[in-house]
Amino acid sequence: MPRQLREVVFVDGVRTPFGKAKGQYAETRADDLVIKCIRELMRRNPSLPPERVDEVAVAATTQIGDQGLTIGRTAALLAGLPQSVPGFAIDRMCAGAMTAVTTTAAGIAFGSYDVVIAGGVEHMGRHPMGEGVDPNPRIVSEKIVDPEALSMGNTAENLHDRYPSISKERADAYAVRSQQKTARAYAEGRIQPDLVPVAVRSAEEGWGLASTDEPVRPGTTMESLAALKTPFRPHGRVTAGNSAGLNDGATAALLADEETARELGLPVKMRLVAFSFTGVEPEVMGAGPIPATEKALAQAGLTIDDIGAFEVNEAFAVQVLAFLEHFGIADDDPRVNPYGGAIAMGHPLASSGVRLMNQLAASFAERPEVRYGITTMCIGIGMGGTVIWENPHFDGAAADTADTADEKGAA
């Protein structure tokens, strides 16, 4: 008997402030960061009985130590959820949290779950990407993957080669804007609602409180970026300034069937429309969001012109610029990453997908004229992922007014 798929909604999302590797979370466990996010989600949504949570999916790229042991289940237990709540772990490198969301969302749509928690964590200070891995020698010996593909920085330089119009200066200019937008968003109080402060401790300074993203550099200028080294290639274009750093942090989101959300009095911040993951040549990993977005748009019966808000993960400036160039979007289009992105805030690999969703939900709340938005990101070893969301606050009259204002501005 055919099933009627159910509407999946994004109820709420939180994250820890992101830290620099070996920075403010140097003596904080990765699983404790996840636990903090789960507890905060439950605190912020008191109408949700804990026993109504049907699954906890937590992603981590390096699943060893305090990021191992089926972290979705152990974090759920440590966060105080009932023992009846199951959990599991996911690895899709940078898109771990995104995959945790889409995988559990599919379960909600099918009817296996009503309410889930999905997120991710990466403690790159404790567990650098690639720690403990043993790549099959055939990958290199049979030239299945070029050795350069195993270095994300090299793949970014390769993407510059593929898009020669994207110069280092253009990438640096994008990075400066990201820093400026994040600083402005903090000043206007737009980032803080998503953040869960974390008590931290160091031997030198004692106890403290992590309440803001540690990597943000609001004083960044074109001149300061121009002086940085290009570590992946002599006279290259990729630097620490126009890339995301090595970071620590965790995220978690609450998803539900829309009827269940209404029944329990939970907010509905976004509706899931479609999602897609695709593979590309690992040597140009950063191109992944392009085919992933094309595929998701086709699934949804939409075009890029229907998208009014974009949250594009900033692993590297060139990766975002390649996406924008492909779709004919200006580098400084105000629809793209209005609160800044990973170049400023940080990119703790498996956690970042939910950060993008949090910020898209905030954009939707502020912009009722926007009906559809996307979260998209490139993924290590040559993949891309895109999720299309619908704004539950969409107001057709507001959209008509915005279109009229745009036409007058163009004239």
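Quick notes on the rules
Residues numbered from 1 in each chain as written. Predicted model: local features only at pLDDT ≥ 70, side-chain atom pairs only at ≥ 80, totals over all residues. Heavy atoms only, no water. Phe/Tyr/Trp six-rings, centres within 6.5 Å; stacked < 30°, edge-to-face > 60°. Helix = DSSP H or I, 4+ residues; strand = E, 2+ residues; numbered from the N terminus. Buried < 20%, exposed > 50% of the residue type's maximum accessible area, 1.4 Å probe, protein only. UniProt positions renumbered as here; feature names shortened; annotations may be inferred. 1 Å grid on protein atoms, 1.4 Å probe; cavity = no way out; pocket = protein on both sides within 12 Å on 5 of 7 lines; lining within 4 Å. Arc of directions from axis to C-beta. Contact = heavy atoms within 4.5 Å. Pairing = 2+ DSSP bridges. Salt bridge = Lys/Arg side-chain N within 4 Å of Asp/Glu carboxyl O. Right-handed = clockwise from strand over helix to strand, strands pointing away.

Q: Describe the packing of aromatic side chains, with residues and values.
A: This model, assessed by the stated rule, comprises four aromatic pairs. Between Phe-10 and Trp-389, the ring centres sit 5.9 Å apart and the planes meet at 80°, which makes this aromatic pair edge-to-face. Linking Phe-10 in strand β1 (residues 8-15) with Trp-389 in strand β12 (residues 383-390), this pair joins segments that are 379 residues apart in sequence. By the burial criterion, Phe-10 is buried, and Trp-389 matches it. With a centroid separation of 6.3 Å and an interplanar angle of 65°, the aromatic rings of Phe-275 and Phe-277 are classed as edge-to-face. With relative accessibility at 30%, the residue Phe-275 sits in the partly exposed group. Feature note: the residues Phe-310, Phe-323 and Phe-327 constitute an aromatic cluster, connected by ring pairs.

Q: Explain the UniProt feature "active site" (unreviewed entry) in the protein chain to me, using residue names and the numbers behind them.
A: Within this structure's numbering, the places UniProt gives as "active site" (unreviewed entry) are Cys-94, His-347 and Cys-378. Considering the C-alpha atoms alone, the annotated residues occupy 285 residues of sequence yet fold into one spot, their largest mutual distance being 11.9 Å. When the annotated set is filtered for residues lining the largest pocket, what remains is Cys-94 and His-347. With respect to the helices and strands, the residue Cys-94 is situated in the loop between β4 (87-90) and α3 (96-110).

Q: I'd like a rundown of helix α2 (residues 71-78), residues and numbers included.
A: Looking only at α2, the buried set comprises Ile-71, Gly-72, Ala-75 and Ala-76. Seen end-on, α2 carries its buried residues on one side only, within an arc spanning 130°. Looking at the buried residues of α2, the elements they touch are α1 (30-44), β3 (55-59), β4 and β5 (115-123). Remark: Gly-80 follows α2 within two positions and exhibits a positive phi of approximately 95°.

Q: Just give me the short version of the side chain of Gln-67, but keep the residues and values in it.
A: Note on placement: Gln-67 falls in the loop between β3 and α2. Residue contacts for Gln-67: discarding those within four places in its chain leaves Ala-30, Ala-60, Thr-62, Val-121, Glu-122, His-123 and His-127.

Q: Kindly report on the pairing of strand β9 (residues 270-279), identifying the contributing residues and their values.
A: Within a regular strand, the side chains alternate between the two sheet faces. Among the 10 residues in β9, seven count as buried, and that is most of the element. Two elements, β1 and β9, share two bridges in a ladder whose sense is antiparallel. Residue pairing across strands places Phe-10 opposite Met-270, the latter belonging to β9. Examined bridge by bridge, β9 and β12 share eight bridges and lie antiparallel to one another. In the strand pairing of β12, Ala-274 is matched with Ile-388.

Q: Summarise the pattern of salt bridges; cite the residues concerned and give the values.
A: By the definition in use, this model includes 26 salt bridges. With a closest N to O distance of 2.8 Å, Arg-15 and Asp-213 form a salt bridge. Placement of Arg-15 in strand β1 and of Asp-213 in the loop between β7 (206-210) and α7 (222-226) is noted, with a sequence separation of 198 residues between them. Relative accessible area serves as the criterion here: at 5%, Asp-213 is assigned to the buried category. With a closest N to O distance of 3.3 Å, Arg-52 and Glu-263 form a salt bridge. In this pair, Arg-52 is assigned in the loop between α1 and β3 and Glu-263 in helix α8 (residues 258-264), connecting sequence segments 211 residues apart.

Q: Please provide a residue-by-residue account of the pairing of β3, values included.
A: By the criterion of burial, β3 is predominantly enclosed, with five of the five residues buried. Because side chains alternate across β3, one face comprises the buried residues Glu-55, Ala-57 and Ala-59, and the other comprises Val-56 and Val-58, equally buried. As paired strands, β3 and β5 are joined by five bridges and run parallel to one another. Paired with Glu-55 across the bridge in β5 is Val-116. Assessed by its sense of winding, the connection that carries the chain from β3 through α2 to β4 is right-handed.

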